[in-house]
Amino acid sequence: MPVRTNRYSVPIRLIGKRVRIVLHASHLVVYDQNVEVARHERLIAKGAVRLDLDHYLEVLVRKPGAFPGSTALEQARSAGRFTPVHDAWWDQARRIHGERDGTRALIEVLLLGRHLPHEHVVAGLAAALRAGAMTADAVALEARKAAQAETEPTPSAGQLVSGKPSATVTSLHEWRLAHLPPDTRSLPSVTPYDQLLRRRRTSGGDHREGEAQ
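Residues numbered from 1 in each chain as written. Predicted model: local features only at pLDDT ≥ 70, side-chain atom pairs only at ≥ 80, totals over all residues. Heavy atoms only, no water.

## Regarding the pairing of strand 3 (residues 20-23)
Step number 1: Sheet topology note: the strand 3/strand 4 (residues 27-32) ladder contains four bridges and is antiparallel. Opposite V22, over in strand 4, you have V29 as the bridge partner.
Step number 2: Between the end of strand 3 and the start of strand 4, which pair antiparallel, lie three residues. (Pairing = 2+ DSSP bridges. Helix = DSSP H or I, 4+ residues; strand = E, 2+ residues; numbered from the N terminus.)

The following block contains the structure:
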């Protein structure tokens, strides 16, 4: 997409379509019907090109052979978006799956960045690489684990030392007993029960003596 003397990328689906561009001092924003679809750092040098790797992933996943030497990949590396962890996972994926399928697996991983934060995808790549899992599904699973770990509460100092939760769980029955009002009634007498027990013992003895005769 030409803007003044420079060119900027847009998502592949918008090539040839009319879009709206808002220029700022340091960057520009591209809109498709009031929806932001691209944002670039504004180029100063004339005739320069700014490409976002994400804009080409749908094409590259079908033609993975064009990925390694692409200008978009080179610029992603320079910007720090394509990290050494990406390269290490990609190298291992190509060893296991071959050049074409290993590259396609990496592009599928890059597509995860549309739904997951970049730092979580990188964490997922690192974890999958350690486990020898060279599939996009494995990276997605590990990336979601990294996201979940950030939202879970941090264990207390007591829990870290003892290895057990510092909080105790009280059952509903115990809670009810603890909140019952005090019982002011006098204790019942067991004298009538003792008398009844003596009578039953006497009656039982007479019955046994009758059987012995």
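## Description of the packing of aromatic side chains
Step number 1: Following the criterion strictly, the structure yields three aromatic pairs and no others.
Step number 2: Look at F67 and F82: their rings are 6.2 Å apart centre to centre, the planes differ by 55 degrees, and that puts the pair in the tilted class. With F67 in the loop between helix 1 (57-62) and helix 2 (71-79) and F82 in the loop between helix 2 and helix 3 (84-97), this pair connects stretches of sequence that are 15 residues apart.
Step number 3: A residue is classified by how much of its surface remains accessible, and F67, at 0% relative accessible area, is buried.
Step number 4: Overall, the relative accessible area of 4% leaves F82 in the buried class.
Step number 5: Seen in terms of ring centroids, F67 and W90 are 5.2 Å apart; in terms of plane orientation they differ by 75 degrees. Their pairing is edge-to-face. Pair noted here: F67 is in the loop between helix 1 and helix 2 and W90 is in helix 3, with a separation of 23 residues, a long-range link. Like W90, F67 is buried.
Step number 6: A cation over a ring is seen here: R20 above Y31, with NZ or CZ 4.6 Å from the ring centre.
Step number 7: Residue placement shows R94 over the ring face of W90; its charged tip is 3.9 Å from the ring centre. (Phe/Tyr/Trp six-rings, centres within 6.5 Å; stacked < 30°, edge-to-face > 60°. Buried < 20%, exposed > 50% of the residue type's maximum accessible area, 1.4 Å probe, protein only. Lys NZ or Arg CZ within 6 Å of the ring centre and 35° of its normal.)

## A look at helix 6 (residues 136-151)
Step number 1: Between its first and last C-alpha atoms helix 6 spans 23 Å; for 16 residues at 1.5 Å apiece the expected length is 22 Å, and the two agree.
Step number 2: Along helix 6, the residues that are buried comprise A136, A138, V139, A140 and A143.
Step number 3: Tucked into the core, helix 6 has its buried residues touching helix 3, helix 4 (99-112) and helix 5 (118-131). (Expected span 1.5 Å × (residues − 1). Contact = heavy atoms within 4.5 Å.)

## Some thoughts on the pairing of strand 5 (residues 35-41)
Step number 1: By the bridge criterion, six bridges tie strand 4 to strand 5 in an arrangement that is antiparallel. Across the sheet, V30 pairs through a bridge with A38, a residue of strand 5.

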